[in-house]
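# Structure assessment
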Amino acid sequence: MILKYLGLILGIIVVFLVLYTVVGLIKTIYLKNKEVKLLTLPNDNSDRTTLYGNELFELIKVSSPATSNDESFHIIREKIKTIFPLIHNNFYREKIDQNVIYTYKNFQSDKPNVLFVSHIDNLIFNNDAIMTNNEIYGAGTFDAKALLYVICKAVEEVLDEQGKLDVNLTIVITTDDTSTKHGSEKIAKKLLKEGKFFHLVMEEGIGIVDPDYLGLKSNYALIGIGVTGEVEIRFKKPLSEKHVLLEFLQDVKNNRLFKTKINRQIIQILKQLSKDMDFKNRFYINNILLFKHKVQKSLDSGDIKVSRIVKTNVKYGLVQENEKEVYFDMKFELAPLTMPSEVLEVLAPYIEKYNLDYEIIFVNGGSRITNVDQPGYKCVVETINKIFKHLYISPFIITNIAEKRFFDSVSDCVIRFSPLYYPSNILKDNYQGKEHIQKKSLLYGVDFFKTILKEFKVEVKSALSKM
C-alpha cells in the first residue's frame, strides 16, 4: 500500500514537472522580442555637428582634474558664459564651494520644475585633447563635459528659438564627483532647505548600450530609476603584520564574496531583458523555479552578461601605510535589495581568520526608486523613442554610481540616463582612461534635451514651492 501511494505521488510529481517544462517551453517561444533592433546613427557632416564639435573641444581643452586648483573651473565657467550667452542672460548663477547652480530667471507658477545635473571634474591630469574629423579625444569627453555641453546647448537653442523656456529649469554643475563627492549632497540639502521640489531630475547614467555589453541581440536604452546602497570599509594591520593584510587581500580576491541574489527585483529585470537573449538563457530565466541554481551559477560566472547590472560589485583600493599601520579600503556597490549589514556578515569569517581591525568609512542606503508611471519617466521613454527610434528601452537599478543618490530628497522622479551613445569599443577605451566621443552623437544628445524641454508637461499644483 505504501509503495502504491509513493508511486502515485512520484507520478504526480513527474506529470507536474513535465507540464511545467512544456509550459516553460511555450513561454520561452513566445516571450521574446519580435525583432532585433540595432541602433544606427548616420554620419552627419552638417554645420550643427561641426559647431558642436568645435564648442565641446573648447571645454575639453581645459584640464579640470578634481584635485586641481580653482583656476581651471573658473576658466570653464567663463567659457560657458561665452559659448552660451543666452544662459548667461536668462539664468541666475550661484556658487556652492566650486560647484555652480544656474536657475532660470523667469519663474512660471503653472510650469513644471526641472533639474539637470552634470559635472566637469575627472581623474586625469594629462589632458592631451585632440579633435579629428569624426571624434574628440581628451579627459571629460565621457565623464562628463560632453553631457554638460549637450544640456547647455539644448537650453541655448530652445531660448533662441522660443525666446523662453516652458519649464522652470535649474542646472547643477559639480566639481568634486571624483574626489569628495560632497557637491551634490550640499546642493541637494540647500534645495531641500529652500523648499524646492522638482517634477523631473535628470542625472548621468549608463544610457544606450550595445548588444554584446549585456549579452543581448539588440541595442537597449537603460533608464536608471534608482541607485543601490554602498559600503566602504578600511582594513588595518600593524606595519609589522603587512604580510597578513596582503594574505587577506589575496584571499578575498580569490573567492567570490557575493553570489548574485535572485530576488523579486532581480527576477523582474532578468525576465524583461531575457526577451532579447538566446533560447537557452531565456528558457532558464522564464522557468527560474526549476533552474534557479543554474541561473545563479551563470550570473556568478558572467555567462549571463546581465549580471553586470544586477550583482554586488567589489572595488579594492591601494595598499597604503603610515608610521604605525598598513591598510587598504574595500568598496561594495550593492546589488538591488542587498542591505549594507550583509557586507559584514559575508566578511566576518575573513575578519576573524586574519584577526583584522577595520573601520567603516561610510554607508549609503539605496535611493528611492522612481515609479515608471511618473510623467517624467514616460516623457524620457517617449523622447528616446523619438530621437533614437530603433532600440528597446528598459528601467533598471544602478549599482555603480556613488554620488547619484542625493536629489531624491527634492523629487519623486529622478532619472539617471545619458543620451550620448558610446559604441562598445569607445566604452571600453573610456573605462581604460582613453576618453573619446563621436561628434555625431552630440547632435542626438542636444535634440534629446531640447525635446524634454519642449514637451515635458505635468499638472502643477498651486502648493508647489516657487523656484
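Conventions adopted
- Residues numbered from 1 in each chain as written.
- Predicted model: local features only at pLDDT ≥ 70, side-chain atom pairs only at ≥ 80, totals over all residues.
- Heavy atoms only, no water.
- Helix = DSSP H or I, 4+ residues; strand = E, 2+ residues; numbered from the N terminus.
- Rg over C-alpha atoms; globule rule 2.2 N^0.38 Å.
- Buried < 20%, exposed > 50% of the residue type's maximum accessible area, 1.4 Å probe, protein only.
- Polar contact = N/O pair within 3.5 Å; in protein donor to acceptor, adjacent residues only side chain to side chain.
- Axes fitted to C-alpha atoms, helices over the stretch in contact; angles between N-to-C directions.
- Parallel < 35°, antiparallel > 145°, perpendicular 65-115°, else oblique.
- Contact = heavy atoms within 4.5 Å.
- Core = buried A, V, L, I, M, F, W, Y, C linked by side-chain atoms within 4.5 Å.
- Salt bridge = Lys/Arg side-chain N within 4 Å of Asp/Glu carboxyl O.
- Phe/Tyr/Trp six-rings, centres within 6.5 Å; stacked < 30°, edge-to-face > 60°.
- Arc of directions from axis to C-beta.
- Pairing = 2+ DSSP bridges.
- Left-handed = near helix turned anticlockwise from the far one by under 90°.
- Nonpolar A, V, L, I, M, F, W, Y, C, P; charged D, E, K, R; others polar.
- Patch = residues over 30% accessible without salt bridge, like charges linked within 9 Å, V, L, I, M, F, W, Y side chains within 5 Å.
- Areas by Shrake-Rupley, 256 points an atom, 1.4 Å probe, with all protein chains shown as cover.

This part takes up the overall build of the protein chain. Counting its regular elements, the protein chain contains 15 helices and 17 strands. Relative to its length of 467 residues, the protein chain is compact, with a C-alpha radius of gyration of 25 Å against a globular reference of 23 Å. For the protein chain, the C-alpha atoms occupy an extent of roughly 90 × 65 × 50 Å along the three principal directions. Here the protein chain holds 467 residues, and 53% of them are scored as buried.

Among the secondary structure elements, Lys196 is positioned in the loop between α6 (182-193) and β7 (200-203). At 3.3 Å, the side chain of Lys196 and the side chain of Glu194 are in polar contact.

Attention now goes to the packing of helix α10 (residues 279-286) against helix α11 (residues 288-301). Two elements in contact, α10 and α11, have axes separated by 6 Å at closest approach and are oriented at 120°. If you check the angle between α10 and α11, you find them oblique. Each of Phe283, Tyr284, Ile285 and Asn286 in α10 lies in contact with α11, whose residues at this interface are Ile288, Phe291, Lys294 and Val295.

This part is about the nonpolar core. In this structure, Phe91, Leu169, Ile223, Val306 and Ile384 are the most contacted members of the largest nonpolar core, which totals 98 residues. Among the elements that line this core, the one with the most residues is helix α5 (residues 145-162), at 11 residues. The contact partners of Leu169, leaving out residues within four places of it in the chain, are Phe91, Tyr102, Thr103, Tyr104, Val114, Phe116, Val155 and Leu453. Phe248, Val252, Phe328 and Ile351 belong to the second largest nonpolar core, which has 21 residues in total.

Bringing the pattern of salt bridges into the picture now. Pairing between side chains of opposite charge can happen when their charged atoms approach one another. Inspection of the entire model under this criterion finds 25 salt bridges. For Glu157, the salt bridge identified is with Lys450, shortest N-O distance 2.9 Å. In this pair, Glu157 is assigned in helix α5 and Lys450 in helix α15 (residues 439-455), connecting sequence segments 293 residues apart. The exposure classification of Glu157 matches that of Lys450, with both residues buried.

Attention now moves to the packing of aromatic side chains. Under the defined criterion, the tally for this structure stands at 16 aromatic pairs. Ring centres of Phe235 and Phe248 lie 5.0 Å apart, and the angle between their planes is 55°; on these two criteria the pair is classed as tilted. Here the residue Phe235 occupies a position in strand β10 (residues 230-238), and Phe248 occupies one in helix α8 (residues 242-254), the gap between them amounting to 13 residues. Comparing Phe235 with Phe248 shows no difference in burial state: the two are buried. Look at Phe235 and Phe328: their rings are 6.0 Å apart centre to centre, the planes differ by 35°, and that puts the pair in the tilted class. Of this pair, Phe235 sits in strand β10 while Phe328 sits in strand β13 (residues 325-333), placing them 93 residues apart in sequence. Taken individually, Phe235 and Phe328 each receive the classification buried, so the pair is uniform in this respect. Cluster of aromatic residues (ring-pair linked, three or more members): Phe116, Phe417, Phe448 and Phe449.

On to helix α14 (residues 424-431), then. Those residues of α14 that fall on the buried side of the exposure criterion are Ile426, Leu427 and Asn430. The buried side chains of α14 occupy one side of the element, clustering within an arc of 100° when seen end-on. Buried residues along α14 sit in contact with β5 (135-137), α7 (211-214) and β17 (436-438). Among the residues trailing α14, Gly433 stands out with phi positive, at a value near 90°.

Of all the six residues making up strand β2 (residues 99-104), six are buried; the element is thus mostly covered by neighbouring parts of the structure. Neither face of β2 is open: one carries Asn99, Ile101 and Thr103, the other Val100, Tyr102 and Tyr104, and all of them are buried. Looking at chain direction, strand β1 (residues 91-96) and β2 are connected through six bridges and run antiparallel. Along β2, the bridge assignment pairs Arg93 with Tyr102. Between β1 and β2, which pair antiparallel in sequence order, lie two residues; one of them, Asp97, sits at a positive phi of approximately 60°. Sheet topology places β2 next to strand β6 (residues 168-174); four bridges connect them, and they run antiparallel. Considered in β6, the bridge of Ile101 is made with Val172.

The contact between helix α2 (residues 47-60) and α5 brings their axes to 10 Å, and the two run at 125°. By the criterion of interaxial angle, the relationship of α2 to α5 is oblique. The handedness of the crossing between α2 and α5 comes out as right-handed. Between α2 and α5, the contacting residues are Arg48, Leu51, Tyr52, Glu55, Leu56, Leu59 and Ile60 on the first element and Lys145, Ala146, Tyr149, Lys153 and Glu157 on the second. For the contact of α2 with α5, the residue count by class is seven nonpolar, no polar and five charged.

Now for a nonpolar patch on the surface. Among the surface-exposed residues, Leu10, Val14, Val18, Val22, Leu25, Ile26, Ile29, Tyr30 and Phe279 lie close enough to one another that they form a single nonpolar patch of about 850 Å² accessible area. With eight residues, the single largest contributor to the nonpolar patch is helix α1 (residues 2-30). Mapped onto the elements, Val14 comes out in helix α1.

If you check the backbone angles, Asn355 has positive phi at about 50° while not being a glycine. A residue is classified by how much of its surface remains accessible, and Asn355, at 59% relative accessible area, is exposed. Backbone geometry at Lys389 places phi at a positive 65°, although glycine is not the residue there. By secondary structure assignment, the location of Lys389 is in the loop between α13 (375-388) and β15 (392-398).

Among the secondary structure elements, Ile29 is positioned in helix α1. Here Ile29 falls in the partly exposed class, since its relative accessible area comes to 45%. Measuring from C-alpha to C-alpha, the distance between Ile29 and Phe279 comes to 7.8 Å, with 250 residues separating the pair along the chain.

Structural measurements only, silent on function.
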